[in-house]
Amino acid sequence: LGYTRIKSSYQEVETEVTYFVPMEDDLEIWRLEIHNKSSAKMNLKVFSYIEFCLWQALGDQNDLQYIQNIAVTKMQNNIIYYSTFDRKPGFAYFSSSQNITSFDCDREDFIGSYRSEANPLAVENGKCFNSIALGGNPIASTCSSINLEPDEKEIIFFVLGVTDKIERAKEVIKNYHNKAYVDNQFEKLKQSWESYLGNLLVDTPSDKMNLMLNVWNPYQCKVTFDWSRYVSFYETGIGRGIGFRDSSQDSMAISYVLPLQVRQRLLDLARNQFENGNVYHVYFPITKEGGFPDYSKPEMPFFSDDHLWLILATCDYVKQTGDITILDEEVEYVEGSKSNLYNHLEQAIYFTRENLGPNGFPIQGTADWNDTLNLPGPNNAGESVWTAMQYHLALKELSELSDRYKQHQNAQKLFQLAKRMKDHINKFAWDGNWYLRAFTDSGVPVGSSKCEEGQIFLNSQTWAVISDIAPFDRAIESMENVRLHLDTKHGLMLLTPPYTRFYPELGGISTLHPGLKENGSIFCHTNPWAIIAECKLGRGNLAFKYYLQIAPPTRNEIADVHRAEPYIYSQMIAGRDHPKFGMAKNSWLTGTAAWNLKATMEYILGVRPTYEGLVIDPCIPSSWSHFTIIRRFRNAIYDFDIKNPDNVSKGVISIMIDGEKVEGNKIPDFRDEKKHKIIATMG
Ligand code: IFM
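For the structure given in this document, a descriptive report is provided here. This structure is a prediction, so every number in the text was calculated from the model and none was measured.

Section: the side chain of Asn 278
Next, step 1: Mapped onto the elements, Asn 278 comes out in the loop between helix 9 (259–270) and strand 15 (282–283).
Next, step 2: For Asn 278, a relative accessible area of 7% gives the class buried.

Description of unusual backbone geometry
Next, step 1: In this structure, the amide linkage connecting Thr 496 to the following residue, Pro 497, adopts the cis form with an omega of -20°.
Next, step 2: Locating Pro 497 in the fold gives a position in the loop between strand 25 (495–496) and strand 26 (522–523).
Next, step 3: Not every positive phi belongs to a glycine, and Gln 11 is a case in point at roughly 45°.

A few points about the sheet that holds strand 28 (residues 584–587)
Next, step 1: Pairing is antiparallel across the open sheet formed by three strands, whose spatial order is 26-27-28. Looking along the sheet, the strands with just one partner apiece sit at the ends: strand 26 and strand 28.
Next, step 2: Of the strand pairs in this sheet, strand 26 and strand 27 (residues 570–573) are connected by two bridges, and their pairing is antiparallel. Each bridged residue has a counterpart across the sheet, and for Phe 523 the counterpart in strand 27 is Met 572.

Here's the deal with the pattern of salt bridges
Next, step 1: Applying the stated criterion to the full structure yields 47 salt bridges.
Next, step 2: The closest approach of N and O atoms between Arg 263 and Asp 323, which form a salt bridge, is 2.7 Å. With a gap of 60 residues between them, Arg 263 in helix 9 and Asp 323 in the loop between helix 10 (306–321) and strand 17 (330–332) connect regions that are remote in the sequence.
Next, step 3: Exposure remark for Arg 263: the relative accessible area of 16% places this residue in the buried category.

A word on the packing of aromatic side chains
Next, step 1: Counted under the stated rule, the structure contains 39 aromatic pairs.
Next, step 2: Where Phe 274 meets Tyr 280, the ring centres are 4.9 Å apart and the plane angle is 65°; that geometry is what we call edge-to-face. Just as Phe 274 is buried, Tyr 280 falls in that class too.
Next, step 3: Aromatic pair Trp 624 and Phe 627: ring centres 5.8 Å apart, planes at 65°, arrangement edge-to-face.
Next, step 4: When its relative accessible area of 4% is taken as the criterion, Trp 624 is described as buried.
Next, step 5: Members of the aromatic cluster, joined through ring pairs, are Trp 309, Trp 369, Trp 386, Trp 463, Phe 523, Trp 529 and Trp 595.
Next, step 6: Stacked on the ring of Phe 225, the Lys or Arg Arg 265 has its end atom at 4.1 Å from the ring centre.
Next, step 7: Lying over the aromatic face of Tyr 503, Arg 501 brings its terminal NZ or CZ to 3.9 Å of the ring centre.

Observations concerning the sheet that holds strand 16 (residues 290–291)
Next, step 1: The antiparallel open sheet is built from three strands, whose spatial order is 14-15-16. Because the sheet does not close on itself, it has two edges, and the strands there are strand 14 (242–243) and strand 16.
Next, step 2: Note that strand 15 and strand 16 share two bridges and pair antiparallel. Bridging across to strand 16, Tyr 283 finds its partner in Gly 290.

Remarks on the pairing of strand 8 (residues 91–96)
Next, step 1: Within strand 8, six of the six residues are buried, which leaves it mostly tucked inside the rest of the structure.
Next, step 2: Residues of strand 8 alternate between two faces, with Phe 91, Tyr 93 and Ser 95 on one and Ala 92, Phe 94 and Ser 96 on the opposite face, all of them buried.
Next, step 3: Sheet topology places strand 7 (residues 79–84) next to strand 8; four bridges connect them, and they run antiparallel. Of the residues in strand 8, the one forming a bridge with Tyr 82 is Ala 92.

Overview of the site of the ligand
Next, step 1: The immediate surroundings of the ligand are formed by Arg 240, Arg 245, Asp 246, Trp 369, Asn 370, Asp 371, Glu 518, Phe 523 and Gln 571.
Next, step 2: Contact distances for the ligand include 2.6 Å between an oxygen atom and a backbone N or O atom of Trp 369.
Next, step 3: Within the side chain of Gln 571, one N or O atom sits 3.5 Å away from a nitrogen atom of the ligand.
Next, step 4: With the chains in place, 94% of the 280 Å² that the ligand exposes on its own is no longer accessible.

Some words on the nonpolar core
Next, step 1: Leu 605, Ile 629 and Phe 640 are the most contacted members of the largest nonpolar core, which has 153 residues in total.
Next, step 2: When residues in this core are grouped by element, the largest group, ten residues, is from helix 12 (residues 385–404).
Next, step 3: Among residues more than four places away in sequence, those in contact with Ile 629 are Leu 200, Leu 201, Val 202, Met 601, Leu 605, Val 607, Tyr 638, Asp 639, Phe 640 and Ile 642.
Next, step 4: Core analysis: the second largest hydrophobic core is formed by 26 residues, Val 17, Trp 30, Cys 105 and Ile 156 among them.

What about helix 14 (residues 458–466)?
An α-helical turn contains 3.6 residues, so any two residues separated by three or four positions project in the same direction.
Next, step 1: Within helix 14, nine of the nine residues are buried, which leaves the element mostly enclosed by the surrounding structure.
Next, step 2: Buried residues of helix 14: Leu 458, Asn 459, Ser 460, Gln 461, Thr 462, Trp 463, Ala 464, Val 465 and Ile 466, and no others.
Next, step 3: Each element contacted by the buried residues of helix 14 is listed here: helix 10, helix 12, strand 22 (456–457), helix 15 (472–486), strand 24 (491–492) and helix 16 (527–536).
Next, step 4: Asp 468 lies just past helix 14 and shows a positive phi near 60°.

What counts and how
- Residues numbered from 1 in each chain as written.
- Predicted model: local features only at pLDDT ≥ 70, side-chain atom pairs only at ≥ 80, totals over all residues.
- Heavy atoms only, no water.
- Helix = DSSP H or I, 4+ residues; strand = E, 2+ residues; numbered from the N terminus.
- Buried < 20%, exposed > 50% of the residue type's maximum accessible area, 1.4 Å probe, protein only.
- Pairing = 2+ DSSP bridges.
- Salt bridge = Lys/Arg side-chain N within 4 Å of Asp/Glu carboxyl O.
- Phe/Tyr/Trp six-rings, centres within 6.5 Å; stacked < 30°, edge-to-face > 60°.
- Lys NZ or Arg CZ within 6 Å of the ring centre and 35° of its normal.
- Near = heavy atom within 4 Å.
- Polar contact = N/O pair within 3.5 Å; in protein donor to acceptor, adjacent residues only side chain to side chain.
- Areas by Shrake-Rupley, 256 points an atom, 1.4 Å probe, with all protein chains shown as cover.
- Core = buried A, V, L, I, M, F, W, Y, C linked by side-chain atoms within 4.5 Å.
- Contact = heavy atoms within 4.5 Å.

And the structure:
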């Protein structure tokens, strides 16, 4: 976790390179170990190679030639430095712990004419050309000679870093050329992951679930929280920074273990809110500046859902941590005035209330959770039924939080608004067998059995249950239709049938190939919503089936179909209507990670935080007879032993806490840094 190791073996030379970023410095270490496995002496040449980015990602794309005339890369005292001629942003540097016998700073010299990285001239030549780059394409390549006796090993450290001051680089490099220091940094990195993961330990009859919950799912949650949808293999870091809705959701999965980071993130997000309650869609982590994507509608620069996620994330944070003081924090609006976080949340409600459309549902703006459901039109009147469901949940959650924050009148008002919206949805968004998804600008329903395509959407069925809108019979009926129409062997599709032509009144969704992304793929982010909905309905076998379908260890069994890394979740898996049905795309940075952790921990295994403590309410496959969970909650450790002698899916009939029988299924908030034993029996 947190490092990459690549091993190879060639002509009796074994090499192993470990790459990692230490906790304390702005650099990446490459630890290269070379082993002479032969019975003869060896004289080897070791070449390194990196290509520097050109400091300005946008410049690279827009005006490459300019950057190629200001780049400066030179060797000074065994360190290669890269900066631009005006030296504005500081330096990148590269060093080797071996004596450097030759080097290159210019890509053209190192690689040579009519060649590529597959056959660089310098390597064939046996030495570099000692080129410097004044302009051009800056690289760092070092060449060193090493002599190895039979079975001898040599370790070389390479350091790639950034710094403001050359002197600082020299100090840092000295440390990282030292084996003991590097080993110690590596240990610290490993320990930090171990201590993060040590907050949760489960043992269930499913090895797949154990592997995911004990290691990979929380790991992906943290990586996703850190990077949001900023720079990655899939994103350039230019157009997307910290996504407002994305980070709000990512926060929900890690506040039990990293409350301070989540607290800060929520306040940073709130700083991106306007006085009228609307929010920027993204902000950039270095400058903290907010913005809207270039596809946002200039006449309506808002998304119908973004601001409401802040309410859901804050309520979740307070339940996880007990820290209601976050609501007192004074936070600036984009305009510069200040108000406490509680008022920010109220403003979020206000924004939706002020932006309801002709049918009484939230106006879509640019989009809702589904970035591609744009609903454009001359009236600016497309409406989202799904956002209405999210709004209902936000109202209910904020009402409960307001009571705890001693804002009882407000709590009542919000409760009434929620009730009104719930009735409204049930009256005007029920299609007969399931819930509608939206209304176009001219008021035509989207996600209706009467539609030519896109007849049923997953999200409006799952959220009707999640946000407690659907009465029981409708909940069962719509989720049964999900099973019937949207379930596949690779997971639940987002909608069916996908759009096979462009629909101007829908927008982006109908520009995607059928079966990909938001146009009917298995959009993994939304599958755990179905798990939560099924758990709320008590259908543990179905919930677990949905869990397993997209779980990485299941995908690992069909890795050649799945194609993406089979230990973390991907954003999507191609749907039934795509020829590559089952192929995953966009791994790592996806809300799938957070929601799967939540769905598994809080709904399948059923340990859910509330303002007062934990509740225990599992919804498991009926074949399970026993499982255990050890987890941190606020300042104590809770050690659960859950027995299921009658093989039910849901229902807790007795609980013992530290040897004493208690009524109901609530576990108090001990906050005493101690471990507490809870034995629960289902039946
Ligand atoms: O909800 C969005 C998310 O913000 C970014 N990725 C795609 C999702 C669905 O459109």
